[in-house]
Amino acid sequence: MAEVNTSLPRPGGSLASSDKKLDTMVVYSLIIINKAGGLVFNRDFNPALNKVSVNDLLVLAGTFHGVHAITKSLTPPSLAIPSKDRTGIEVLESSQFRLTCFQTFTGTKFLLFTEPHQPNVDTIIQKVYELYADYVMKNPFYQLEMPIRCEAFERGLMSYIRAK
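Since the model is a prediction, treat every value here as computed from it, not as a measurement.

A. Structural detail: the pairing of strand 6 (residues 109-114). Summarising burial for strand 6: six of the six residues are buried, a large majority. Examined bridge by bridge, strand 2 (residues 26-33) and strand 6 share six bridges and lie antiparallel to one another. Across the sheet, residue Leu30 finds its bridge partner in strand 6, namely Leu112.

Below, the structure is given as structure tokens:
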């Protein structure tokens, strides 16, 4: 499992159990999907996780992209929410993990896998997005929609999410 370095200020949140320390957060994995549903980045932070093949990760990325688009279109018209403001699936919870999806304005999706009762996941995923914006999008050698191969991004990510 991995811990998040919480030297940055965090908004208030409640802990799921009293035996957890406030300054540790467990993050299992991060997947970044481009606007077409292609896998552009994945990183496991827990060495005890079962290894998933690249093919399975590609299938996961494409499937999630499709499910996200379907759930976005399922918003009842009676709610009178404009189509531009509708969102797809944002959180998927199970007894083993929580998947949180953050979609940027450009359609890139960040999927963060954490403990089911992990507090402040929005803060973690926002920081990951800031690292992406600072190190990947400002990299003159990065081509949009292509796999992310940026050492500065990986270093920044690993310094924020440190292995135990």
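That was the structure; now back to the text.
B. Up close: the layout of surface pockets. One number sums up the size of the largest pocket: a volume of about 470 Å³. What lines the largest pocket is a set of 19 residues, and nearest its centre among them are Ser29, Ile31, Asp44, Val52 and Phe113. Counting residues per element, the lining of the largest pocket draws most heavily on helix 1 (residues 54-73), which supplies five residues. Split into classes, the residues belonging to the lining of the largest pocket amount to 13 nonpolar, five polar and one charged. A volume near 360 Å³ is recorded for the second largest pocket. Arg86, Thr87, Gln103, Thr104 and Phe105 are, among the 15 residues lining the second largest pocket, the residues nearest its centre. Every element with two or more residues in the lining of the second largest pocket is listed here: helix 1 and strand 5 (98-103). Ranked by residues supplied to the lining of the second largest pocket, first place goes to strand 5 with three residues. Of the residues assigned to the lining of the second largest pocket, the class counts are five nonpolar, five polar and five charged.

C. Up close: the environment of Leu157. With respect to the helices and strands, Leu157 occurs in helix 3 (residues 151-160). Each C-alpha atom, one on Leu157 and one on Leu131, is 6.9 Å from the other, the two residues being 26 residues apart in sequence. Discounting chain neighbours no more than four positions away, the residues touching Leu157 are Leu30, Phe41, Phe45, Val128 and Leu131.

D. Just unusual backbone geometry, in detail. The backbone phi angle of Asn120 is positive, close to 60°, even though this residue is not glycine. Mapped onto the fold, Asn120 is located in the loop between strand 6 and helix 2 (121-136). Judged by relative accessible area, Asn120 falls into the buried class, the value being 16%. Of note, Glu145 is a non-glycine position whose phi angle comes to about 70°, a positive value. Mapped onto the secondary structure, Glu145 falls in the loop between helix 2 and helix 3.

Analysis parameters
- Residues numbered from 1 in each chain as written.
- Predicted model: local features only at pLDDT ≥ 70, side-chain atom pairs only at ≥ 80, totals over all residues.
- Heavy atoms only, no water.
- Buried < 20%, exposed > 50% of the residue type's maximum accessible area, 1.4 Å probe, protein only.
- Helix = DSSP H or I, 4+ residues; strand = E, 2+ residues; numbered from the N terminus.
- Pairing = 2+ DSSP bridges.
- 1 Å grid on protein atoms, 1.4 Å probe; cavity = no way out; pocket = protein on both sides within 12 Å on 5 of 7 lines; lining within 4 Å.
- Points joined across faces, edges and corners; volume = space filled by probe spheres on them.
- Nonpolar A, V, L, I, M, F, W, Y, C, P; charged D, E, K, R; others polar.
- Contact = heavy atoms within 4.5 Å.

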